[in-house]
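Coordinate inspection notes
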Amino acid sequence: MQVPAAFEYAKATTVSQTLDLLAQWGEDARVIAGGHSLIPMMKLRLARPTALIDINDVSELSYIRVEGGELRIGALTRHAELLESALVEEHYRIFRDAERVIADPIVRNRGTVGGSLCQADPAEDLSAAFAAVDASVVIQGARGSRTVPLTEFHVGPYETVVEPGELLTEVRVPIRPGGGSAYTKVERRIGDWAVAAAGAAIWIDPAGTITSVGIGLAAVGAEHFRAAQAEAYLVGRPATEESFAEAGRIAAEHSNPVADQRGPVDYKRHLAGELTVRALRAAAARGRGLNASGEA
């Protein structure tokens, strides 16, 4: 039988109380909401927190709203809420694409946006999607809050810049009209972690020139989940299949996948390029007011 090691438990109802409990129990305490990653690790004793702080009742962290020209998403927002939000759909369809392929309804009903980002799994879908749209996160601690670009949030597999005693409270995405976004993924079976995945957000001027673009990659070893070299190549170029194909080649070249049960390195690198092209194509079509098949 898989049984976690002994731990203390407390239920918080406010951010302030959560921070007080984190300070009380020290760096080995962990926050829990959905728990779909942490609990299995505890059962295998890969994680042995001295205390769990349940934040499911911290309602101030559960919201989706527009404020200050940004889409703001509370860290306790559930995957299902992000999937079903008309506000999110209006501004960034990439999130609906990504949420549709994350796990299953049970996980999506309980798992949280903040938990997914803090888990920092290299194959995590939302990390790639948020990277593509140039998101930032708000981290709160006893000394106040700080805002960190998502490109600086993940520092390695399963590692983030959140320090002991701190709490991720919000994700912010700048709202930029006129663009399109999309997410695409290859998985071994429905709801599985990605073999490879790519998300794109793109803005194109009336002459057909790309003015801004973001590309996020998951499960292929992209630094900070982002294809920065492919993005740099595309800006100022025409939004054509030729440009997208070259961006895909660059994204694949700069990816660094590892061989595992989901596939060899060459296969994953090929997918990085192909999925980048597909995501860019779909995002550009949406930005032009069309769907990926060219229909209005």
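Residues numbered from 1 in each chain as written. Predicted model: local features only at pLDDT ≥ 70, side-chain atom pairs only at ≥ 80, totals over all residues. Heavy atoms only, no water.

1. A closer look at the overall build of the protein chain
The secondary structure content of the protein chain amounts to twelve helices and 13 strands. Over its C-alpha atoms the protein chain spans a radius of gyration of 19 Å, differing by no more than 12% from the 19 Å that the globule rule assigns to 296 residues. Seen along its three principal axes, the alpha-carbon backbone of the protein chain occupies a region of about 60 × 45 × 30 Å. Split into buried and exposed, the 296 residues of the protein chain put 50% on the buried side. Long-range pairs, those at least 24 residues apart, make up 61% of the contacts in the protein chain between residues at least 6 apart in sequence. Surface summary for the protein chain: the accessible area is close to 13,600 Å², and the carbon and sulfur share equals 50%. For the protein chain, the centre of its 30 positive side-chain charges and the centre of its 38 negative side-chain charges are spaced 3 Å apart. (Helix = DSSP H or I, 4+ residues; strand = E, 2+ residues; numbered from the N terminus. Rg over C-alpha atoms; globule rule 2.2 N^0.38 Å. Buried < 20%, exposed > 50% of the residue type's maximum accessible area, 1.4 Å probe, protein only. Contact = heavy atoms within 4.5 Å. Areas by Shrake-Rupley, 256 points an atom, 1.4 Å probe, with all protein chains shown as cover. Lys, Arg positive; Asp, Glu negative; His and termini not counted. Charge placed at Lys NZ, Arg CZ, Asp CG, Glu CD.)

2. Considerations on the sheet that holds strand β4 (residues 64–67)
Read from one edge of the open sheet, five strands run β4-β5-β10-β6-β7, paired in antiparallel fashion. Bordering the open sheet on either side are β4 and β7 (144–149), each of which pairs with just one other strand. Strand-to-strand twist in this sheet, taken as the mean axis angle between neighbours without regard to direction, amounts to 25°. Relative to β7, strand β6 (residues 136–141) runs antiparallel, the two sharing six bridges. Looking at the pairing, I139 lines up with R146 of β7. (Pairing = 2+ DSSP bridges. Axes fitted to C-alpha atoms, helices over the stretch in contact; angles between N-to-C directions.)

3. Quick notes on the packing of helix α11 (residues 241–253) against helix α12 (residues 265–287)
Packing of α11 against α12 brings their axes to within 8 Å, and their N-to-C directions diverge by 145°. α12 is crossed by α11, and the crossing has right-handed handedness. Along the contact surface, α11 presents E241, F244, A245, A247, G248, A251 and A252, while α12 presents R269, A272, G273, T276, V277, L280, R281 and A284. (Left-handed = near helix turned anticlockwise from the far one by under 90°.)

4. A closer look at the pattern of salt bridges
Within this structure, the stated rule accounts for 21 salt bridges. Across the salt bridge formed by E253 and R249, the nearest N and O atoms sit 3.0 Å from each other. Note that E253 and R249 are positioned in helix α11 at a spacing of four residues, about one turn of the helix. The partly exposed category is assigned to R249, whose relative accessible area is 43%. Linked by salt bridges that have partners in common, R65, E67, E70 and R72 make up one network. (Salt bridge = Lys/Arg side-chain N within 4 Å of Asp/Glu carboxyl O.)

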